[in-house]
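Understanding the architecture of this molecule
So the chains spell out like this:
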Amino acid sequence: MNGKVTIITGGAKGIGRAIAVFLAEKGGDIAIFDMVDGSETVATIKKMGRNAMYVCVDVSDFKLVEDAVESVYKEMGRIDNLVNNAGITLDRLLLRMKEEEWDKVIAVNLKGVYNCTKAVLKYMLKNGGSIVNVSSITGIMGNIGQSNYAASKAGIIGFTKSIAKEYAERGIKVNAVAPGFIKTDMTEALNDKIKEEMIKMIPLKRPGEPEEVAKVVYFLLSDYSSYITGEVINVSGGLYM
Ligand code: NAP
């Protein structure tokens, strides 16, 4: 990562935190955007000898995001990478799903990606950059009770490919990862029976660790993926192939 600055949304915990720590291990500096306090993650990264900052921001609000991005540029002097990772679920069968539940999931998961990408682009235009969007295999396969979430995650894939085409000539790569069933608070909330059923369906017969997603995100941000843009990499233990 060579001192490059990466903004990670939802970086205070779960997959986002694992990405933040892994990139710092690889020599990167990190800015975390989250509504959960990210100071513990920042302290961990600083102990590793890297620079890090936390901004409390709701990614669904464009003005707040724009200000947060500006504060990163002022404090860290550059913005090289963005990982759009913040996401929520509000699961319910469509007939019972309230309009607010649909709107909220789209606002955080999909509009949040538009907001953050738009806000960082102007800083990336000069020196290029790399963006990784965290989608989900649910956005490809669909899932009962997750029409709002699946729509947001499928939207991220279309967005990823469009922005990859729009900014390739400016030296900006845009890719996505689609995790399957990863051990975080998001999946901890599922009941044990559902978790067991999920694991049975995974060819590798276990849930993924957040670090296993982080390694793929690192690959997509780094020069190891210099000829890859507009791609979606599934990280699902074979659950989707
Ligand atoms: P997590 O542990 O719940 O972490 C997500 C983080 O994003 C939380 O700190 C969360 O805060 C934050 N966040 C939520 N809304 C936000 C907003 N409006 N503005 C800023 N930050 C916000 O979830 P995770 O499992 O690590 O998931 C990370 C990403 O991976 C998500 O996009 C998720 O959809 C995707 N994913 C996860 C899995 C999985 O199996 N875990 C599978 C496929 C895809 P709160 O805690 O306050 O909500």
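Before any of the text, the structure's been laid out above.
Parameters and conventions
- Residues numbered from 1 in each chain as written.
- Predicted model: local features only at pLDDT ≥ 70, side-chain atom pairs only at ≥ 80, totals over all residues.
- Heavy atoms only, no water.
- Helix = DSSP H or I, 4+ residues; strand = E, 2+ residues; numbered from the N terminus.
- Rg over C-alpha atoms; globule rule 2.2 N^0.38 Å.
- Buried < 20%, exposed > 50% of the residue type's maximum accessible area, 1.4 Å probe, protein only.
- Contact = heavy atoms within 4.5 Å.
- Areas by Shrake-Rupley, 256 points an atom, 1.4 Å probe, with all protein chains shown as cover.
- Lys, Arg positive; Asp, Glu negative; His and termini not counted.
- Charge placed at Lys NZ, Arg CZ, Asp CG, Glu CD.
- Expected span 1.5 Å × (residues − 1).
- Bend = angle between axes of the 7 residues up to and from the residue.
- Axes fitted to C-alpha atoms, helices over the stretch in contact; angles between N-to-C directions.
- Left-handed = near helix turned anticlockwise from the far one by under 90°.
- Nonpolar A, V, L, I, M, F, W, Y, C, P; charged D, E, K, R; others polar.
- Core = buried A, V, L, I, M, F, W, Y, C linked by side-chain atoms within 4.5 Å.
- Pairing = 2+ DSSP bridges.
- Right-handed = clockwise from strand over helix to strand, strands pointing away.
- Near = heavy atom within 4 Å.
- Polar contact = N/O pair within 3.5 Å; in protein donor to acceptor, adjacent residues only side chain to side chain.

Quick look at the overall build of the chain
Regarding its fold elements, the chain presents nine helices and seven strands. In terms of overall size, the chain behaves like a compact globule, its C-alpha atoms giving a radius of gyration of 17 Å where 241 residues would be expected to give roughly 18 Å. Across its three principal axes, the chain shows a C-alpha extent of roughly 45 × 35 × 35 Å. Counting over 241 residues, the chain shows a buried share of 50%. Taking the contacts inside the chain whose residues are at least 6 apart along the sequence as the reference set, 68% of them involve residues at least 24 apart. Split by element, the accessible area of the chain, about 11,800 Å² in all, is 54% carbon and sulfur. Taking the average location of the 30 positive side-chain charges in the chain and that of its 29 negative ones, the two points are 3 Å from each other.

Remarks on helix α4 (residues 99-124)
Here α4 is 26 residues long and its end C-alpha atoms lie 36 Å apart, about the 38 Å a rise of 1.5 Å per residue gives. Approximately 40° is the largest bend angle found in α4, and it occurs at K111.

Examining the packing of helix α3 (residues 62-76) against α4
Packing of α3 against α4 brings their axes to within 9 Å, and their N-to-C directions diverge by 35°. The interaxial crossing formed by α3 with α4 has right-handed handedness. Residues F62, V65, E66, V69, E70 and Y73 of α3 pack against N115, C116, K118, A119, V120 and Y123 of α4. In terms of residue class, the contact of α3 with α4 is built from eight nonpolar, one polar and three charged.

What about the nonpolar core?
Core analysis: the biggest nonpolar cluster contains 31 residues, and I7, F33, V69 and V72 have the highest contact counts within it. Sort the elements by how many residues they give to this core and α4 lands first, with eight residues. Setting aside residues no more than four positions away along its own chain, V69 makes contact with I7, F33, I79, A119, V120 and Y123. In this structure, I15, V42, V132 and V177 belong to the second largest nonpolar core, which totals 27 residues.

Quick word on the pairing of strand β4 (residues 81-84)
The two faces of a sheet get side chains in turn, since along a regular strand they alternate between them. Residues of β4 alternate between two faces, with N81 and V83 on one and L82 and N84 on the opposite face, all of them buried. Inspection of the sheet shows β4 paired to strand β5 (residues 129-134) by four bridges, in the parallel sense. Bridged to N81 within β5 is S130. For the segment spanning β4, α4 and β5, crossover handedness is right-handed.

Some remarks on the site of the ligand
Every one of the 27 residues lining the ligand counts as a neighbour, but D58, N85, Y149, I182 and T184 are closest to it. K13 has a polar side-chain atom sitting 3.4 Å from an oxygen atom of the ligand. At a separation of 2.9 Å, an oxygen atom of the ligand approaches a polar side-chain atom of D34. Taken by itself the ligand offers 880 Å² of open surface, and the protein chains cover 89% of this. Listing elements by their share of the shell around the ligand, those giving two or more residues are α1 (14-25), α6 (147-167) and α7 (185-188). Taken together, the residues that form the shell around the ligand break down as 14 nonpolar, nine polar and four charged.

Some points on the environment of K13
Looking at the secondary structure, you find K13 in the loop between β1 (5-9) and α1. Exposure remark for K13: the relative accessible area of 38% places this residue in the partly exposed category. Considered as a pair, K13 and D34 are 21 residues apart in the sequence and their alpha carbons are 9.0 Å apart. The contact partners of K13, leaving out residues within four places of it in the chain, are D34, V36 and D185. Within the structure, K13 has its side chain in polar contact with the side chain of D185 (distance 3.1 Å).

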